[in-house]
Amino acid sequence: MKKVFKISCFIIFVIFILIVILSYGITTSKFNNKIIVEIEKKVPNTTVDFDNTSVSLDLFSLAIKVKINKPKIKINNQNVSIKSFVIFTDLKSSFQKKYLLKKIKIDFNKNEVSKLKNIILIKNFTSLQKIKFIEGSGFGELIIDQFQSDKIKTVFNGELSNIILSIGEDLPYINKINSKINYSNDKILLSDLSGNFGEFDIVSRELIYSFNKKFLSGAINLKGRLNPTINLEKIFNKKFFINIDRISDISGNFDIDANLKVNFNNDFSIKNDDSTFNLNTKNLKFKYKNFNNITFENINSSLNFNNYGKISSKGEFKINNKKNKFEITRRNNKNPLLIKLSGIIEPKKIFFNEINFPIKNDIKYTSETLLKDLQTFNTKFKINLNTSKIDFSIFNYIKKKGEDSKLEFNFSKSIKSTEFKNINFLSKNNKINIQYLLFDEDFVLKDVGKINVNLGKKNKFNIFKKNNNYRIIGSSVDLSKYLSLKNKKKLPDFKSDISGKTNIQFKKIYLPGEYLIDYENSIQFKKGKIISLDSFANFKDLTSFSHKVLKNEMGNKLLLINSDKAKPFLSNYKFLNGLEKGTLKIKREYLSKNSSITEVKVENFYLKEMPVLTKILSIGSLTGALDILEGKGIFFKEAFLKYELVDNELKILDCYGTGPSLGFVLEGRIGKDDFASLNGSLAPANMINNVIREIPLVGKILTGEKGDGIFGASFKIKGKDNLKVEVNPIKTLTPRFIQRFLKNFKK
């Protein structure tokens, strides 16, 4: 019995000693080749090398633990830095010398992520191949388990540190990405993620990707300040940000929470996206290129949206330091946006800087827009005009600031047309009602509905349409201010494509300083162009006015104006403020679309209070003529101007004036930019010259052609708004006839 006990104790002691020895391990190179073969077999595209192994017993898993010393591993020909490499083999198979793998445990040192990208496991993610890793490292522990089961289990736990990557050429780098990473057969989890995207901080509690379901989920937050150089088109989807390419110079604080729910196809393209986003802005500012580069600023808003186009947003913004509010909603991409706006704006500064826009000051407004895109939408406007002066220059009507008034209309836009409907202006008893105005895509007028105008005592008329025929009938219309502004080129160009006939009847038409009575006009239009016109009216003293458009023998369009009073049509030109009396004849021949020749003749008129002429006479020491100018005025029997207009550049072909006190000749050009470059001469005592001119041959040589004289002054006029006048007061003028004769003789 004692022997049995002793033997048993000895065996137990031996086993204990073996367990202790195996637990601490023994070092050997005996198993190197067998281990290398098994690893390279189980982990494809892997090359393994090491010095030796330390073999020990893992009591917890009842497996042989083989620690590889100084391992050198390449995966896909890429060196991988490893801190430790441990293999666990089945204890039973080890006694049978089969050494079946049970588990592999690898502890990685820090490795550059840019190099690990080429490993086959990561290479399978095609979306990752589009990302350029600049810097950063990753480390962790990889466990490959259950080799003897039908499905090997792979788990990796580690960290990513200071990753820098590029996701697009026009986008800033994503910097300083730090995150815990967990990988298993079915999913990959990023937790406690942080980083920077340009000026944005990136934070995420967790992001999970399921390999079996090909599903990405999790929450991520971007918070920071927008940089004006950022390319928004690369970041945001055009499905829920319409015409984002028109936004520039953006800045301000920006905060977006994204709740990601994305399904991918096998090639990692997006199959389904149920993600939702919550965006908040503070003091946002940007320029919008479509409307005269409007600057929106101090935008404080919240916006909820998803990839199906659902949007819900509220906020406020400022334009030209005026506070406005907005509300935007949309159910999905199939429905239009509903945009509600309200606030205060000054339309002239925002939209109409360079034209004579009627609304002069701030207005309060509300609008409701159904917007499919910027090419297709419908808007209802309600505008309170109490705080603004309204100047309808075309009707010489002014609504004073502080007087109650309002404007309402519908504005519709499609790809091929723009329409204003139900336009209603009301101020006390004054009103304008327009049924509709229809324009094409180039904002050319195509059609006009019924119009009623009742502004004060001087503007009462209606416009009716039947088929392609229009009738304009009224008691009066005041065009005095319109004619003045038109001559000074303050009105915008207006284009029309209307065809048809128009008959006009007015009992009275107000002109600058005058009015016409019993005005009748018949006009034929073709695509907005006047084909024929025939009008007639009387002035209050029964002198007459007529206006015609017809074709001459050459087939060119001809415009003819005959008026027994010149002043209403000429006195509003800045340089003719002092014109009195006189008759007017105008003849214009249209040679082509951009070319015409015009003849203007004014007879039996006086000139007074003419600044340019006063300066010429004063410097030229022509005191007699100056006295007449400052008194009753200088009388001219005739003034004639013939000029050619080509592409809006005016060239004087002939210009002269004759009278008993003074004669003049003028030549030069006025450019497209309205810059004038003129020169001419003045000759006093024209009555004496006329007597000399009657002497055969000698008179013509001494006095020249009609309008020239022997003595006088030459002058030059240059400039645009402020004309600069140069005068040569002491020059003895060579008669134009002799000048022309000498030129021809030399030739």
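Only a predicted model underlies this, so the values are computations on that prediction, with no experimental measurement involved.

Engineer: Looking at this model, I keep getting lost on the overall build of the chain. Mind explaining?
Structural biologist: Along the chain, the regular secondary structure elements total 15 helices and 45 strands. When each of the 747 residues of the chain is scored for burial, the buried share is 41%. Per element, the accessible surface of the chain, about 43,500 Å² overall, is 54% carbon and sulfur.

Engineer: Which parts of the structure should I look at to understand the confidence of the model for the chain?
Structural biologist: For the chain, the average pLDDT comes to 79, and 75% of its residues sit at 70 or higher. Note that pLDDT drops below 50 for residues 737-747; the model gives that stretch eight contacts with residues more than four away or on any other chain.

Engineer: Please clarify how the sheet that holds strand β5 (residues 72-75) should be interpreted in this entry.
Structural biologist: Pairing is antiparallel across the open sheet formed by three strands, whose spatial order is β2-β5-β6. A strand with exactly one partner marks an edge of an open sheet, and here the two such strands are β2 (46-49) and β6 (78-80). When the angles between neighbouring strand axes are averaged without regard to direction, this sheet yields 25 degrees.

Engineer: Is there a simple way to explain the pairing of strand β41 (residues 649-658) in this structure?
Structural biologist: For a regular strand, side-chain orientation follows a simple rule: the groups alternate between the two sheet faces. Pairing analysis gives nine bridges linking strand β40 (residues 634-646) to β41, with the strands arranged antiparallel. Residue pairing for β41: Glu644 is matched across the bridge by Lys651. Linking two consecutive strands that pair antiparallel, namely β41 and strand β42 (residues 662-670), is a turn of three residues.

Engineer: Which parts of the structure should I look at to understand the environment of Lys565?
Structural biologist: Mapped onto the elements of the fold, Lys565 is located in the loop between β37 (557-563) and α10 (567-570). In this structure, the C-alpha to C-alpha distance between Lys565 and Lys585, residues 20 residues apart in sequence, is 9.8 Å. If we skip the residues at most four places from it in the chain, Lys565 touches Glu514, Phe539, Asp541, Thr543 and Gly582. In terms of polar contacts, Lys565 uses its side chain to reach the side chain of Asp541, at 2.9 Å.

Cut-offs applied
- Residues numbered from 1 in each chain as written.
- Predicted model: local features only at pLDDT ≥ 70, side-chain atom pairs only at ≥ 80, totals over all residues.
- Heavy atoms only, no water.
- Helix = DSSP H or I, 4+ residues; strand = E, 2+ residues; numbered from the N terminus.
- Buried < 20%, exposed > 50% of the residue type's maximum accessible area, 1.4 Å probe, protein only.
- Areas by Shrake-Rupley, 256 points an atom, 1.4 Å probe, with all protein chains shown as cover.
- pLDDT = per-residue confidence, 0-100.
- Contact = heavy atoms within 4.5 Å.
- Pairing = 2+ DSSP bridges.
- Axes fitted to C-alpha atoms, helices over the stretch in contact; angles between N-to-C directions.
- Polar contact = N/O pair within 3.5 Å; in protein donor to acceptor, adjacent residues only side chain to side chain.

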